[in-house]
Amino acid sequence: MMELQRAKAWFLDTNIPVKLAPVRNEMTVPSIIISLSDSSEATNESTLGDVNPETAFETTLGEWPALTKPFTPSSYEPLTGIVAMRTRDLPDDILIAEGMSIIDKTGTAYEILKVYDSTTFKIAPATVADFKGAVLKGHRPAWVTSIESSSFRETYQVSVNVGGEPTLTILLHSVVVFCLLRYKEALLENRGFERSTFTSSDLRVNPNFPDTETVFSRFISLSGHVRQYWPKIIAPAIDGVIAQERVTGSGHLPAGTNPDDQLWVGEYDSLSQNR
């Protein structure tokens, strides 16, 4: 019991710094020193970059340019949400489509839900907004980044160093081991250091400290797996697809022709040529 009380008193009264190697001119005791011993790619694991064709993706929003100059609608009915534009306010190469947005001068976006004709569309009914100086914008552009990764096995060395009394080194080593076990999930796995294992050396005299006193150390070799990520391809996201049916060999369906009697592109079987 006396030894236990002495150990508690020593831990409460003693400053035990934790340092990262290399330590220059600060080799004090007691101390805990952490150093990275090795980091190598885990070639025995299937990695996204080398083997697995499936790739993670990350989406980031890009700039959102306006498709029109600022304009004021010729009419807007808040009850129905129907907005009408003047033809002169719409560029010749722009077609209004569902999914586009009208942006008021404060920057608030209102999605176009339905298009009636080339200059008339509908937003959410009962929308109260001032569209003086509004602009039209398309789907908000986004960039899709394909993310690849690889698993690395890393090994850290944790040295527990106490001067003068080897018993205190054993006690401090036990506290460090307790922390590694107790907080394996909270402090290691939650930070991406997974499947950790460790081994401890015997008690030995550490020659790396000054000769003013004898320093006893125990070394913990801590190994685990981390995953390194990097971007591979950055490309704009597809925000819409427009499809148009047509008859084989003709850009338009001839007048008076029954569409159900025509051969449509894609109806041939590539092997048997049967419809």
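Residues numbered from 1 in each chain as written. Predicted model: local features only at pLDDT ≥ 70, side-chain atom pairs only at ≥ 80, totals over all residues. Heavy atoms only, no water.

## Here we look at the sheet that holds strand β4 (residues 75-77)
Pairing within the open sheet is antiparallel, and its 4 strands lie in the order β4-β5-β9-β8. Each edge of the open sheet carries a strand with a single partner, namely β4 and β8 (114-115). Across 3 bridges, strand β5 (residues 82-84) lies against strand β9 (residues 120-122) in antiparallel orientation. Bridging from a neighbouring strand, Ile82 pairs with Lys122 of β9. (Pairing = 2+ DSSP bridges. Helix = DSSP H or I, 4+ residues; strand = E, 2+ residues; numbered from the N terminus.)

## With respect to the side chain of Arg218
Here Arg218 shows up in strand β14 (residues 215-236). For the buried Arg218, which has no salt bridge, the nearest side chain bearing the opposite charge is Asp202, at an N-O separation of 6.7 Å. Every residue in contact with Arg218, bar those within four places of it in the chain, is listed here: Val158, Ser159, Val160, Thr169, His173, Ser200, Ser201, Asp202 and Leu203. (Buried < 20%, exposed > 50% of the residue type's maximum accessible area, 1.4 Å probe, protein only. Lys, Arg positive; Asp, Glu negative; His and termini not counted. Salt bridge = Lys/Arg side-chain N within 4 Å of Asp/Glu carboxyl O. Contact = heavy atoms within 4.5 Å.)

## A short note on the pattern of salt bridges
Evaluation of the coordinates by the stated rule reveals 3 salt bridges. The partner of Lys105 in a salt bridge is Asp130, and the shortest N-O contact between them spans 3.9 Å. Note that Lys105 is positioned in the loop between β6 (101-103) and β7 (109-111) and Asp130 in the loop between β9 and β10 (135-137), a separation of 25 residues in sequence. Residue Lys105 is classed as exposed on the basis of its relative accessible area of 58%. Across the salt bridge formed by Asp202 and Arg204, the nearest N and O atoms sit 2.8 Å from each other.

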